[in-house]
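The chain contents come next:
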Amino acid sequence: MKVKSSSKADCELTVFFISDVHRRRIPTKLIKKVHSRSSSVDLVIIGGDVAEKGVSSERVRSNVEKLSTLGPVYYVWGNNDREIGESVIREIIEGVGGKILDNESVCIPSHSDWILSGADDPSSGNTNLKKAVSYNGEYTYQLIAVHNPSLFNKLLQIANPELLIGGHTHGGQIRFGPFGMQPRGEFKVEEDYAQLISNGFGTTLVPLRFGAPPETHLIKIEYKKGV
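Criteria and thresholds
- Per chain, the residues get numbers from 1 upward, laid out in the order the sequence is written.
- Reporting in this predicted model follows two pLDDT cut-offs: at least 70 for local features of residues, and 80 or more for side-chain atom pairs to be given and counted; totals over whole chains, interfaces and linings ignore these cut-offs and use all residues.
- To get the side-chain values, all heavy atoms of the structure are used, and hydrogens and water are removed first.
- Put simply, DSSP marks the helices as runs of H or I at least four residues long and the strands as runs of E at least two long, and each gets a number from the N terminus on.
- We call a residue buried when its accessible area falls under 20% of the maximum for its residue type, exposed when it is over 50%, and partly exposed in between, using a 1.4 Å probe and counting protein chains only.
- A carboxyl oxygen of Asp or Glu within 4 Å of a side-chain nitrogen of Lys or Arg is what we treat as a salt bridge.
- Starting at the helix axis, one direction is taken to each C-beta atom, and the arc is that of these directions.
- Contacts are assigned to residue pairs with any non-hydrogen atoms lying within 4.5 Å of each other.

Asker: Give a description of unusual backbone geometry that names residues and reports values.
Answerer: Although it is not a glycine, H22 sits at a positive phi angle of roughly 55 degrees. Residue placement: H22 occurs in the loop between β2 (11-18) and α1 (28-37). Accessibility expressed as a relative area gives 1% for H22, which makes it buried. Positive phi, close to 70 degrees, is recorded for L205, a residue that is not glycine.

Asker: How would you summarise the pattern of salt bridges if you had to cite specific residues and measurements?
Answerer: Applying the stated criterion across every chain yields a total of 10 salt bridges. The shortest N-O distance in the salt bridge between R90 and E86 comes to 2.9 Å. Here R90 and its partner E86 are both found in helix α3 (residues 86-95), four residues apart, which amounts to about one turn of the helix. Residue class for E86 comes out partly exposed when judged on its relative accessible area of 32%. The closest approach of N and O atoms between D102 and R90, which form a salt bridge, is 3.0 Å. Highlighted residues: D102 in the loop between β5 (99-100) and β6 (104-108) and R90 in helix α3, separated in sequence by 12 residues. Counted as one network, the salt bridges with shared partners bring together R82, E86, R90, D102 and D120.

Asker: I'd like a description of α1, backed by residues and values.
Answerer: What α1 keeps buried is the set L30, I31 and V34. Across the axial projection of α1, the buried residues extend over an arc of 100 degrees, all falling on one side. Opposite the buried face of α1, by more than 90 degrees, sit the exposed residues K29, K32 and S36. Where α1 is buried, its residues contact β2, α2 (57-68) and β12 (217-223).

Encoded structure:
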């Protein structure tokens, strides 16, 4: 997937995005496939629900360690993650040198024109969107990651991102034609921004998908440096 933020792009930001792993194991072949398609990944964004109740910390750790071989890890909370313990998740993410975006924005290393913003999930009661999108330094472009895309409209009222990404809905997980409990995931380009809602990688409640295949995303954003 390529996103252009400028008609005269001279730089490229590469992002791997995965959400809603839940109980699944990250297969080695997925990691190899990403490596084969991109010589380098600037950041790996885990969009929440890397775990849920009943998933062992060892499985979560193994999944996160595999993802960290692609590039620097950034993580936003999902609505199920704390079911295995907040301290457990923090230790796993920090163990790979990753960064949890606790309602904050950070500069993307090697792409100083960009900031990455992330907010806690609404289920936590800790969400602070204004704090999440605030940044004291200079920047040109903003990428916002949240677990629940229901936050997109609120974020667009207080920020001007080039791209918003989220998951949570599983694309409905089980669909019959156009009918599902949630809309299908989609990538959509508007006049001033783009947004991605992922079907996610795993399943919850029942280990079944139908009509909403699992997804991960290798995103390449072309942009003009120093605009």
